Structure formats: C-alpha cells, structure tokens
Amino acid sequence: MKKLAITFAVIFGVISCGSDTKKVEEEQVKTVPDAQVEEKQAEPNVLELKGTDDMKFDKTEFTVEAGKEVTLTFTNAGVLPIETMGHNVVILEKGADVQAFANASIREKDNDYISDLYITDIIAHTKLLGPGESETIKFTLKEAGEYTFVCTFPGHWIAMKGTITAI
C-alpha cells in the first residue's frame, strides 16, 4: 500500500510540474540546432551524409568552398544486407549526364556499380557500403558551381541524389 501511495505521489508531481518541464525542454531544443549550425559553418568543407533503407540520403544539399579540400564521411545507416540495399556516394563533375552515368553503372556489380565508361565524370566516390559501414573520402571542387552526388546501386539514383554547391 505504501508503494502505491508513493507511486501516485510521483505521478501527481510529474503531472503538476509537466508544463514547466516541457517549457524548459522546448527552450533547450531551440538552442541546440543554432549551436550545431554555427559549428558546421566553422568547418564548411567537412560533410557527413547517411543513406537509409528507404533509399534516401539524410541531406540533399551542401555548400562548400571551391578550391579547398572537402572531407565527406558517408555512412550506410540501414540494416538491410548489402546485396539488397547497398549504398555508395559518387560525386560527379559539373554538367555530367547523371542518368547516362547511372544507367551505365547498373551493369557494374563487380566495380561497386560505378561505370568506367564515365570515369572522367567522377570526382570522387566511396565503395559500396553495407549496413552500419562508413567511409571517408577527400576531394576538391576546383571551381564554383553545382555538382551532383548520387548512389549508383541499381535504381537508387532517382531518389538518392543531391547537390554540392561550391562557392
């Protein structure tokens, strides 16, 4: 009986203080993203990207400084096997024909779905990653402009693509 009374007292205390706790949590949520944005702006050429089992990148746009080295860490955040849901990231030159590159890459399973036919269109790429795997690559976008990045696992490029803008 004593435990029941203590449980009710704790529940009542939480309920009666709930609005103040919620207000504090909301204020903390507002300040955390601002701090993270400032941190990311301090290192504009350090990028993190994740691919998921729902065939999406967690980010589709980045801005970097042209002419300076970019460090990109890519993680396959999914849980499905590499044979059915592997992911990679390929950064292409400005003006590259993304559809032609992706279609040619479909047949290149032994080369992590990256076609040698369009090798001159590739700035950098990761290997094909399975669930929980990560890889960090470094590259430089020599001039200002928009560069496309894609996952070349068959069928993924349509949904898994984005833009890196070099300024």
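Quick note: structure is the one above.
## Observations concerning the overall build of the chain
Phase 1 of the analysis: Looking only at helices and strands, the chain has three helices and eight strands in total.
Phase 2 of the analysis: Helices and strands appear in the chain in the N-to-C order α-β-β-β-α-β-α-β-β-β-β.
Phase 3 of the analysis: Sorting the 167 residues of the chain into buried and exposed places 32% on the buried side.
Phase 4 of the analysis: When the accessible surface of the chain is split by element, carbon and sulfur atoms take 56% of a total near 10400 Å².

## Remarks on the pattern of salt bridges
Phase 1 of the analysis: If you walk through the whole model with that rule in mind, you get three salt bridges.
Phase 2 of the analysis: When the shortest N-O distance is used, the salt bridge between Lys-59 and Asp-58 registers 3.4 Å.
Phase 3 of the analysis: Across the pair Glu-65 and Lys-68 runs a salt bridge whose closest N-O atoms are separated by 2.8 Å.
Phase 4 of the analysis: Given a relative accessible area of 29%, Glu-65 falls into the partly exposed group.
Phase 5 of the analysis: Note on Lys-68: relative accessible area 45%, which makes it partly exposed.

## Quick notes on helix H3 (residues 98-105)
Phase 1 of the analysis: When we look at burial in H3, the residues that qualify are Val-98, Phe-101, Ala-102, Ala-104 and Ser-105. Along the axis of H3, the buried residues cluster in a sector spanning 165°; they form a single face.
Phase 2 of the analysis: Those residues of H3 that are buried lie in contact with strand S4 (90-92), strand S5 (122-125) and strand S7 (145-150).
Phase 3 of the analysis: Taking the backbone nitrogen of Gln-99 as reference, a side-chain oxygen 3.3 Å away marks Asp-97 as the first, capping residue of H3.

## Some remarks on unusual backbone geometry
Phase 1 of the analysis: At Asp-112, a residue that is not glycine, the phi angle is positive and equals roughly 55°.
Phase 2 of the analysis: With respect to the helices and strands, Asp-112 occurs in the loop between H3 and S5.

## Concerning the sheet that holds strand S3 (residues 69-76)
Phase 1 of the analysis: Taken together, three strands build an open sheet; the order of strands is S1-S3-S6 and the sheet is mixed. Where the open sheet ends on each side, the last strands, each with one partner, are strand S1 (46-51) and strand S6 (134-140). Sheet twist, expressed as the mean angle between neighbouring strand axes with direction ignored, is 20°.
Phase 2 of the analysis: Bridge count between S1 and S3: six bridges; the pairing is parallel. Directly across from Val-46, in S3, lies its bridge partner Thr-71.

## Quick notes on the nonpolar core
Phase 1 of the analysis: Grouped together as the largest cluster of nonpolar side chains are 24 residues, with contacts concentrated most on Leu-72, Ile-91 and Phe-139.
Phase 2 of the analysis: Elements with a minimum of two residues in this core: S1, strand S2 (61-64), S3, S6, S7 and strand S8 (161-166).
Phase 3 of the analysis: With three residues, S3 is the largest single contributor of residues to this core.
Phase 4 of the analysis: Contacts of Phe-139, omitting those with residues within four sequence positions, involve Lys-68, Glu-69, Val-70, Leu-72, Ile-91, Ile-123, Ala-124 and Ile-164.

How each quantity is defined
- Residues numbered from 1 in each chain as written.
- Predicted model: local features only at pLDDT ≥ 70, side-chain atom pairs only at ≥ 80, totals over all residues.
- Heavy atoms only, no water.
- Helix = DSSP H or I, 4+ residues; strand = E, 2+ residues; numbered from the N terminus.
- Buried < 20%, exposed > 50% of the residue type's maximum accessible area, 1.4 Å probe, protein only.
- Areas by Shrake-Rupley, 256 points an atom, 1.4 Å probe, with all protein chains shown as cover.
- Salt bridge = Lys/Arg side-chain N within 4 Å of Asp/Glu carboxyl O.
- Arc of directions from axis to C-beta.
- Contact = heavy atoms within 4.5 Å.
- Polar contact = N/O pair within 3.5 Å; in protein donor to acceptor, adjacent residues only side chain to side chain.
- Pairing = 2+ DSSP bridges.
- Axes fitted to C-alpha atoms, helices over the stretch in contact; angles between N-to-C directions.
- Core = buried A, V, L, I, M, F, W, Y, C linked by side-chain atoms within 4.5 Å.

Function-wise, these values are silent; they only describe arrangement.
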